[in-house]
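Each chain is listed here by its residues.
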Amino acid sequence: MLFLYPVKLYDSGISGVSMFLNQLTPPELTLSLFLFVLNVPIFLFGLKRQGLAFTVYSIFAVLVYSVASSQVSNFFPIDTVPESPFAGKDLLLCAIFGGVLSGIGSGMTIRFGGAIDGIDVLSVIFAKGLGLSLGSFVMIFDTILYVICGITINSWILPLYSIVTYFIGSKTVDFVVEGLDRSKCAMIVTTKANEIADALTENFQSNGTIINAIGGYSKEDKQIMYFIVNHFQINKLKNLVYEVDKHAFISLLDVSDIIKKK
């Protein structure tokens, strides 16, 4: 709000639509009004699929966001001065820090079980039917939004800087939700699973799971060792595995979350 709104940059999703509509309509139709009016029906529309708790948390987050947006102008002259109170008219700084703050807000809301923007609900509902991933749906939505903004205002400078905001915001959301210490799932195909399991358990103080398997070409009996490590432990895992079995095959997959009942 303090970085994007004064210089007329656009956020991602429904927040970006709200900012755009706010620029085109009379002053009586405020940004906070658009944020609430556009987001709440979308969350209610997704109630059946997303659940009551998610919907309540999300509407509460949007309400707080809307009220905060309406109150910011009481402390900073963003409605009368066309520049950020912190970054002035520097569009790059506004795009970067606006994206970071937007991503932190969205990421924290997601961590607590809700969403602050209706685009998340729309992507869950419509992306699969369109054959798209959730990220691709949001990207296409934002691309269409920015193109419409560029055509309407007859300038591509602000929409292009808004793409920077979107990119930084999405990366910030990933960081807030998943953290720096991102986990990896190692799928180790080997004939010496027990020895590898002992080595990994001893060095990482963590257990894995051994799955019996058959080689697709050789038809030989093999095992698959399923083991979770963090991003910084990957090289150590590779070295330990190849010390035991130099013919082992290792596949690494991203793990978005680890859930273990205590």
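Sequence order as written defines the numbering, with residues in each chain counted from 1. Side-chain atom pairs in this predicted model are given and counted only at pLDDT of 80 or more, local residue features only at pLDDT of at least 70, and totals for whole chains, interfaces and linings cover all residues. The side-chain figures draw on all heavy atoms in the structure; neither hydrogens nor water molecules are used.

### Some points on the overall build of the protein
Then step 1. Starting at the N terminus, helices and strands are each numbered in turn, a helix being any DSSP run of H or I of at least four residues and a strand any DSSP run of E of at least two. Looking only at helices and strands, the protein has 10 helices and four strands in total.
Then step 2. The N-to-C order of helical and strand elements in the protein reads α-α-α-α-α-α-α-α-β-α-β-β-α-β.
Then step 3. Structurally, the protein occupies a C-alpha span of about 70 × 40 × 35 Å along its principal axes.
Then step 4. Any two residues whose heavy atoms approach within 4.5 Å at even a single point are treated as in contact. Counted over contacts in the protein with a minimum sequence separation of 6, partners at least 24 positions apart contribute 69%.
Then step 5. Of the roughly 15,300 Å² of accessible surface on the protein, 63% is carried by carbon and sulfur atoms.
Then step 6. The positive count covers Lys and Arg only, the negative count covers Asp and Glu only, and His and the chain ends enter neither. Charged side chains are reduced to one point each, which is NZ for Lys, CZ for Arg, CG for Asp and CD for Glu. Each charge sign in the protein was given a centre, from 18 positive and 20 negative side chains, and these centres are 6 Å apart. Areas reported here follow the Shrake-Rupley algorithm with a probe of radius 1.4 Å; residue values treat only the protein chains shown as occluding.

### Focus: the nonpolar core
Then step 1. Throughout, nonpolar core names a set of buried Ala, Val, Leu, Ile, Met, Phe, Trp, Tyr and Cys residues whose side chains join them through atoms within 4.5 Å. Using a 1.4 Å probe on the protein chains alone, a residue whose accessible area is under 20% of its type maximum counts as buried, one over 50% counts as exposed, and one in between counts as partly exposed. In this structure, L9, Y10, F43, C94 and V121 are the most contacted members of the largest nonpolar core, which totals 38 residues.
Then step 2. Among the secondary structure elements, those contributing two or more residues to this core are α1 (13–24), α2 (31–45), α4 (52–72), α5 (91–111), α6 (119–126), α7 (134–153) and α8 (157–178).
Then step 3. When residues no more than four places from it in sequence are discounted, the contact partners of V121 are I42, F43, G46 and F54.

### Remarks on the sheet that holds strand β3 (residues 221–230)
Then step 1. Reading across from one edge, β2-β3-β1-β4 is the order of the four strands in this open sheet, with antiparallel pairing throughout. The sheet terminates laterally at β2 (209–214) and β4 (249–255), the two strands that pair on one side only. On average, adjacent strands in this sheet sit at an angle of 25° to one another, irrespective of strand direction.
Then step 2. When DSSP finds two or more bridges between a pair of strands, those strands are recorded as paired. Inspection of the sheet shows strand β1 (residues 183–190) paired to β4 by seven bridges, in the antiparallel sense. Only the stretch in contact is used when a helix axis is fitted, and all axes are lines through C-alpha atoms; the angle between N-to-C directions ranges over 0 to 180 degrees.

### Let's talk about the packing of aromatic side chains
Then step 1. Note on ring pairs: Phe, Tyr and Trp rings are taken, using the six-membered ring of Trp, and paired if centres are within 6.5 Å. Classes follow the plane angle, with under 30 degrees stacked, over 60 edge-to-face and the rest tilted. Under the counting rule described, the total for this entry stands at five aromatic pairs.
Then step 2. For the pair Y10 and F20, a centre-to-centre distance of 6.0 Å together with 80° between the ring planes defines the contact as edge-to-face. One end of the pair, Y10, is in the segment before α1; the other, F20, is in helix α1, with 10 residues separating them in the sequence. Pair check on accessibility: Y10 and F20 agree, each one buried.
Then step 3. Here K236 stacks its cationic end above the ring of F204, 5.2 Å away from the centre of that ring. Charge-over-ring placement is defined geometrically: NZ (Lys) or CZ (Arg) within 6 Å of the ring centre, and within 35 degrees of the ring normal.

### Description of the confidence of the model for the protein
Then step 1. pLDDT is a residue-level measure of predictor confidence that goes from 0 to 100. Mean pLDDT over the protein stands at 86; residues scoring 70 or higher make up 92%.
Then step 2. Here helix α3 (residues 47–50) stands out as the least confident element of the protein, with mean pLDDT 82; helix α10 (residues 234–244) is the most confident, with 93.

### A short note on the pattern of salt bridges
Then step 1. A pair is scored as a salt bridge if a Lys or Arg side-chain nitrogen falls within 4 Å of a carboxyl oxygen belonging to Asp or Glu. With the rule as written, the count across this model stands at one salt bridge.
Then step 2. In this structure, K184 and D254 form a salt bridge, with 2.6 Å as the shortest nitrogen-oxygen distance. Of the two residues, K184 sits in strand β1 while D254 sits in strand β4, which places them 70 residues apart along the sequence.

### Regarding the pairing of β2
Then step 1. Pairing of β2 with β3, which is carried by six bridges, proceeds in the antiparallel orientation. Residue pairing for β3: T209 is matched across the bridge by Y226.

### Brief notes about the environment of M19
Then step 1. Summarising the element assignment, M19 is placed in helix α1.
Then step 2. Along the primary structure M19 and T30 are separated by 11 residues, whereas in three dimensions their C-alpha atoms are 9.1 Å apart.

### Quick notes on the environment of L240
Then step 1. Relative to the elements of secondary structure, L240 occurs in helix α10.
Then step 2. Judged by relative accessible area, which is 12%, L240 ranks as buried.
Then step 3. The sequence separation of L240 and W156 amounts to 84 residues, and the corresponding C-alpha distance is 53 Å.
Then step 4. When neighbours within four sequence positions are excluded, L240 is seen to be in contact with A199, L200, N203 and F204.

### Quick notes on the packing of α2 against α6
A pair of packed helices is captured by two measures, namely the crossing angle of their axes and the spacing between those axes.
Then step 1. Taken N-terminus to C-terminus, the directions of α2 and α6 make an angle of 35°; their axes are 9 Å apart at the nearest point. As for the relative orientation of α2 and α6, their crossing is left-handed in sense. Residues I42, F43 and F45 of α2 form the contact with α6, whose participating residues are V121, L122, I125 and F126.
Then step 2. Note on residue categories: nonpolar means Ala, Val, Leu, Ile, Met, Phe, Trp, Tyr, Cys or Pro, charged means Asp, Glu, Lys or Arg, and polar means any other residue, Gly included. Grouping the constituent residues of the contact of α2 with α6 by class yields seven nonpolar, no polar and no charged. Left-handed describes a crossing whose near helix is turned anticlockwise from the far helix by less than a right angle; the clockwise case is right-handed.

### Re α2
Then step 1. Helix span, as expected, comes to 1.5 Å for every residue beyond the first. The end-to-end C-alpha distance of α2, which contains 15 residues, comes to 22 Å, matching closely the 21 Å that a straight helix rising 1.5 Å per residue would cover.
Then step 2. Taken residue by residue, α2 has L31, S32, F34, L35, N39, V40, I42 and F43 as its buried positions.

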